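Letter by letter, the chains look like this.
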Amino acid sequence: MRMPASPWVAAKSQRGATMHAASTRIFISYQRASADTALRIRDILTDAGYTVWLDTDQIRHTDRWPVAVNQALEEADSMILLLTQAANESREVFNEWFYFYKNRKPLHVIRLDDSVPHYQLLSLQRLDWNGRIDDEWPRLVAELLAALRPTGNESVSPAPETVVTTPLAPPRSVTSTLHALYSALLHPDKPVALRPEQLDEIQLHQARDLRDYYLACYSRWCGPEHRLDRQFVRLNLIYDEGPGSPDRWIKMPSVRESDDLNEILTSSSSFAYVLLGAPGSGKTTLLRRLEMDVARIGVTNPDPRSVVPFSVSLAEFGLGHRERAPNPLEWLQHRWSTRNPQLPELRRLLDDGRILLIVDGLNELAHHDATDLRRRVDAWRAFLYEEIRDIPGNRAIFSCRTLEYGAMLSSKDVGVPHIRLEPMTESQVLGYIDLHLPDHAELAREVLLRDPRTLSFYRTPYMLRLLVSQVHAIGTIPVGRTDAFAAMIRELLRREILAGNQRLINTEILTEREQRRLRDGVRDPRWLPNTGSFIPALTRLAYQMQSTKLGAEKGNVVVTYDTAIDLLNGLARIAEASLHVGFDTGILDEHEETIRFFHQLLQEFFAARQLGAADDLSQLAVPTRVDQVTPALSARLDDLAVGEPLPPLTTTGWEETAVMAAAMTADPDGFVRQVLAVNPALAGRCLAAPDVDCSEAVHLEVAGRLLASVFRLAVGP
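The model shown is predicted, which means the values in this text are computed figures rather than measured ones.

*Asks:* What is the right way to read the overall build of the protein from this model?
*Replies:* Of the regular secondary structure elements, the protein holds 30 helices and 18 strands. The proportion of buried residues among the 717 residues of the protein is 53%. Across the protein, contacts joining residues at least 24 apart in sequence account for 73% of those joining residues at least 6 apart. Roughly 32,800 Å² of accessible area belongs to the protein as shown, and the carbon and sulfur atoms make up 51% of that amount.

*Asks:* I'm lost on the packing of aromatic side chains in this one. Help?
*Replies:* Each aromatic ring pair is summarised here by two numbers: the centre-to-centre distance and the angle between the ring planes. For the coordinates displayed, the defined rule picks out 22 aromatic pairs. Seen from their ring centres, phenylalanine 27 and tryptophan 53 are 4.7 Å apart, and the 10° between their planes marks the pair as stacked. Taken together, the positions of phenylalanine 27 in strand 2 (residues 25–29) and tryptophan 53 in strand 3 (residues 51–53) put the pair 26 residues apart, joining distant regions of the chain. Exposure remark for tryptophan 53: the relative accessible area of 2% places this residue in the buried category. An aromatic cluster is built from Phe317, Trp331, Trp380, Phe383 and Phe398, whose rings are joined through pairwise contacts. Above the ring of tyrosine 182, the side-chain terminus of arginine 211 is found at 4.0 Å from the ring centroid.

*Asks:* Honestly, a nonpolar patch on the surface in this entry has me stumped. Any pointers?
*Replies:* A cluster of nonpolar side chains, Val626, Leu633 and Leu637, forms an exposed patch at the surface whose accessible area comes to about 250 Å². With respect to the helices and strands, the residue leucine 633 is situated in helix 26 (residues 633–639). Under the relative-accessibility criterion, leucine 633 is labelled partly exposed at 38%.

*Asks:* Please explain the sheet that holds strand 18 (residues 594–597) as it appears in this structure.
*Replies:* Strand pairing in a sheet takes place through backbone hydrogen bonds and is either antiparallel or parallel in direction. Ordered in space as 16-18-17, the three strands form an open sheet in which the pairing is antiparallel. The sheet is open, and its two edges are formed by strand 16 (559–560) and strand 17 (588–591), each paired on a single side. With four bridges joining them, strand 17 and strand 18 adopt antiparallel strand pairing. Bridge assignment links glutamate 590 to a residue of strand 18, and that residue is isoleucine 595.

*Asks:* How should helix 29 (residues 680–688) be read in this particular structure?
*Replies:* Each turn of an α-helix holds 3.6 residues, which means side chains three or four residues apart point in the same direction. Within helix 29, burial applies to Pro680, Leu682, Ala683, Cys686 and Leu687. Seen along its axis, helix 29 keeps its buried residues to an arc of 160°; they face one direction.

*Asks:* I'm lost on the pattern of salt bridges in this one. Help?
*Replies:* For side chains bearing opposite charge, pairing can occur when the charged atoms are close. As enumerated under the stated definition, the model contains 30 salt bridges in all. For glutamate 291, the salt bridge is made with arginine 220, and the minimal N-O distance between the two is 3.0 Å. Taken together, the residues glutamate 291 in helix 11 (residues 283–300) and arginine 220 in helix 9 (residues 210–220) connect sequence positions 71 residues apart. Residue classification places arginine 220 among the partly exposed positions, given a relative accessible area of 23%. Its salt-bridge partner being aspartate 378, residue arginine 381 comes within 2.8 Å of it at the nearest N-O pair. Of the two residues, arginine 381 and aspartate 378 both sit in helix 14 (residues 370–389), three residues apart, roughly one turn of that helix.

*Asks:* Even after reading the chapter, I still don't get the side chain of threonine 585, so can you show me in this structure?
*Replies:* Here threonine 585 shows up in helix 24 (residues 572–585). Polar contacts involving the side chain of threonine 585 include one to the main-chain carbonyl oxygen of glycine 582, which spans 3.1 Å. Sequence-distant contacts of threonine 585, defined by excluding residues within four places in its chain, comprise Leu492, Leu493, Glu496 and Phe534.

*Asks:* Is there a simple way to think about the sheet that holds strand 13 (residues 355–360) in this case?
*Replies:* The strand order across the open sheet built from seven strands is 10-9-15-11-14-13-12, with neighbouring strands paired in mixed fashion. Either end of the sheet is taken by a strand with one partner, and the two such strands are strand 10 (249–251) and strand 12 (308–313). Looking at each pair of strands side by side, their axes are set apart by 25° on average, direction ignored. Summarising the sheet, strand 11 (residues 272–276) and strand 15 (residues 418–421) pair through three bridges and their orientation is parallel. Across the sheet, the residue bridging to leucine 276 is arginine 420, located in strand 15. Along the sheet, helix 11 contacts strand 9 (235–240), strand 11, strand 12, strand 13, strand 14 (395–400) and strand 15; its crossing angle with strand 13, the most-contacted strand, is approximately 160°. Seen against the sheet, helix 14 touches strand 11, strand 13 and strand 14 and runs at an angle of roughly 155° to strand 14.

*Asks:* So what exactly am I meant to see when it comes to the nonpolar core here?
*Replies:* The nonpolar side chains of a soluble globular protein tend to be buried with one another. By size, the foremost hydrophobic cluster in this structure holds 89 residues, and its most contacted members are Phe485, Ile489, Leu541, Phe597 and Phe606. Every residue in contact with phenylalanine 485, bar those within four places of it in the chain, is listed here: Tyr462, Met463, Leu466, Leu601, Leu602, Phe605 and Met660. Val274, Leu343, Leu373 and Val416 belong to the second largest nonpolar core, which has 59 residues in total.

*Asks:* Sorry if this is basic, but what is going on with the environment of proline 344 here?
*Replies:* Following the sequence through the fold, proline 344 ends up in the loop between helix 12 (328–339) and helix 13 (346–351). Owing to a relative accessible area of 24%, proline 344 belongs among the partly exposed residues under this scheme. Taking the C-alpha atoms as reference points, proline 344 and leucine 210, 134 residues apart in sequence, are found 8.7 Å from one another. For proline 344, the contacting residues outside a window of four places in its chain are Trp336 and Leu349.

*Asks:* How should the environment of lysine 102 be read in this particular structure?
*Replies:* Position of lysine 102 relative to the elements: it lies in helix 5 (residues 91–103). Overall, lysine 102 belongs to the partly exposed group, its relative accessible area being 30%. Along the chain, lysine 102 and lysine 190 lie 88 residues apart, while their C-alpha atoms are 6.3 Å from each other. Not counting residues up to four positions away in its chain, the partners in contact with lysine 102 are Pro160, Asp189 and Pro191.

*Asks:* I'm lost on the packing of helix 20 (residues 481–498) against helix 25 (residues 600–611) in this one. Help?
*Replies:* To describe two helices that pack against each other, one gives the angle between their axes and the distance between the axes. For the pair helix 20 and helix 25, interaxial distance at closest approach is 11 Å and the crossing angle is 100°. The orientation of helix 20 relative to helix 25 falls into the category roughly perpendicular. Where helix 20 approaches helix 25, its residues Arg481, Thr482, Phe485, Ala486, Met488 and Ile489 are matched on the opposing element by Leu601, Leu602, Phe605 and Phe606. Counted by class, the contact of helix 20 with helix 25 contains eight nonpolar, one polar and one charged residues.

*Asks:* Before we go on, may I ask you to explain the environment of aspartate 293 in this structure?
*Replies:* Tracing the backbone through its elements, the reader meets aspartate 293 in helix 11. Not counting residues within four places of it along the chain, the set of residues in contact with aspartate 293 comprises Arg230, Asp260 and Asn262.

*Asks:* What am I meant to see in empty space enclosed by the protein here?
*Replies:* By rolling a water-sized probe across the atoms, one finds the places where empty space is left. Enumeration over the complete set of coordinates arrives at one cavity of 30 Å³ or more. The computed volume of the largest cavity comes to approximately 30 Å³. Here the lining of the largest cavity gets three residues from one element, more than from any other, and that element is helix 27 (residues 655–664).

Basis of the calculations
Residues numbered from 1 in each chain as written. Predicted model: local features only at pLDDT ≥ 70, side-chain atom pairs only at ≥ 80, totals over all residues. Heavy atoms only, no water. Helix = DSSP H or I, 4+ residues; strand = E, 2+ residues; numbered from the N terminus. Buried < 20%, exposed > 50% of the residue type's maximum accessible area, 1.4 Å probe, protein only. Contact = heavy atoms within 4.5 Å. Areas by Shrake-Rupley, 256 points an atom, 1.4 Å probe, with all protein chains shown as cover. Phe/Tyr/Trp six-rings, centres within 6.5 Å; stacked < 30°, edge-to-face > 60°. Lys NZ or Arg CZ within 6 Å of the ring centre and 35° of its normal. Patch = residues over 30% accessible without salt bridge, like charges linked within 9 Å, V, L, I, M, F, W, Y side chains within 5 Å. Salt bridge = Lys/Arg side-chain N within 4 Å of Asp/Glu carboxyl O. Pairing = 2+ DSSP bridges. Arc of directions from axis to C-beta. Polar contact = N/O pair within 3.5 Å; in protein donor to acceptor, adjacent residues only side chain to side chain. Axes fitted to C-alpha atoms, helices over the stretch in contact; angles between N-to-C directions. Core = buried A, V, L, I, M, F, W, Y, C linked by side-chain atoms within 4.5 Å. Parallel < 35°, antiparallel > 145°, perpendicular 65-115°, else oblique. Nonpolar A, V, L, I, M, F, W, Y, C, P; charged D, E, K, R; others polar. 1 Å grid on protein atoms, 1.4 Å probe; cavity = no way out; pocket = protein on both sides within 12 Å on 5 of 7 lines; lining within 4 Å. Points joined across faces, edges and corners; volume = space filled by probe spheres on them.

Given below as structure tokens:
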């Protein structure tokens, strides 16, 4: 049988061609709608002396085509990827660039429309040709030829990740998926492409042995939503010298700043640690990456005593036990055996010194009052000393928002060190913008650097992701958190509508007009669809979750599925449908019959929508006089060492929610005045937010009240 002519097109002439061009073969990957541009690029490259591979109509969709493509991919020295939305959805295009990605060959991306690259392509340099081809062709050609010349800094794919998630991955059974992931972990130079649902199936698969368990731990957090870019991580190890020390919390000069949590744990000898960081700073992501790293070691270095990671959330501790919290060991044993009935018992693994306990949310322990909180933390501290410290090999790490919670795990004799997750520096924030918003980096930099308050909002990875989401969605830079959250929610709903989510056909969830506005795009940065039941349902749910949570810490509340339905009282007929839309969009997270918002700041955003319309803000009230504070100042002083600062005053847990409510309410002046009446310091925080627009009169009123409090010389009547 006569074979078609080779699609390799040699250079038209070697005269004037550089040595690099004459020896370089370039593969052009594109989707058929971009064929004209691909042909123009091929002609330019062959004129410049390059040899180019471009598939042709003569071989495409014939038996010869897969063979020819595979051979060309092997022979090519570099690739030009013409990126469009259609290319993003093409299995053939994905397979082509994925071959270059896993073999770390030079990959040049040319963006022809406003599509967002696959997350594994974000770190590569890109040429933006969107809307410029007709008017700027000579300049674009010059840019491309310059990018192809060797400079010592070629656009080579980064070290491949073990798993690349994409809906374009081939179908697999659970057994086949487990084997593919296992093989990729053993051979990190040969990554595997898996579908999100295939990773879900691994987690639902009941582990038959510890290898299955390690694979489930790894698969749980290897998706793009849990990615960790270490260049934006700064960790410092802080030692607790004990309550009696004049300088209780110290950073050892010999301990360097790190970007790797597992590195800190393996290079130090404490039995327990507390990971400390602000909301949205990435604490949970770091813990998940730690679980992945330990699971990878368990797979690649099988050993009878290999470490077994076990992660839990303290937001779920005592769920259903409002009066008396369970014993920590009994609670952990129950969760382990329920998840892993075929594996060795937790008691045995603890006795063997093999457990790394990863505990998220120490500050999220439900409690009635300060005494009850102390009692519950004491129970966990006792567990740490009896089951972790006293059995060599076992270790534990907790995450926490604030220092005072973590300090309660220390005893008089033994301090638990803290690993402080530092806020991103200005250069890190701008570096993140350059990486993820190359087309809008100049505008984003200008907005962020114009006002230090705006920049301060985006010093955490979570808020930066929201910023990127809004810019991609509508091309504007959000001033504060409320704009960013609203844009993210609109985009999540829009994606579900465009994907044909059948739940959204119900016009009680979103009206036809709301669906049309979401589909076509909205210019109002704060608009959300309030006529249908979905947004009102999540608003009520978030507010009720925070209202019913015991204790002063309201972040990341967890409730059972049935409790969530009960909290939506009055929306019973559509409550369940609203929850399922929340799961579909990723706004809500369901795990083992419990429900939470994907992030605590997202929960506080929805709760703020109701708080901003409330007539009574008594839940924001805090003591403002020394004789109102409990425990009394004298008792606090007795417990402090010389030079140790006073702990923060009691908070309500509604502070972040109130600041966002001030930005969303229709009457910011009236809302801030209500806050001022019960919590002057919080009123000042509201005014400091860049997206809270209050009159000069309110600014003067709040400032006067705060100054009067500072300079008051005697306790008033």
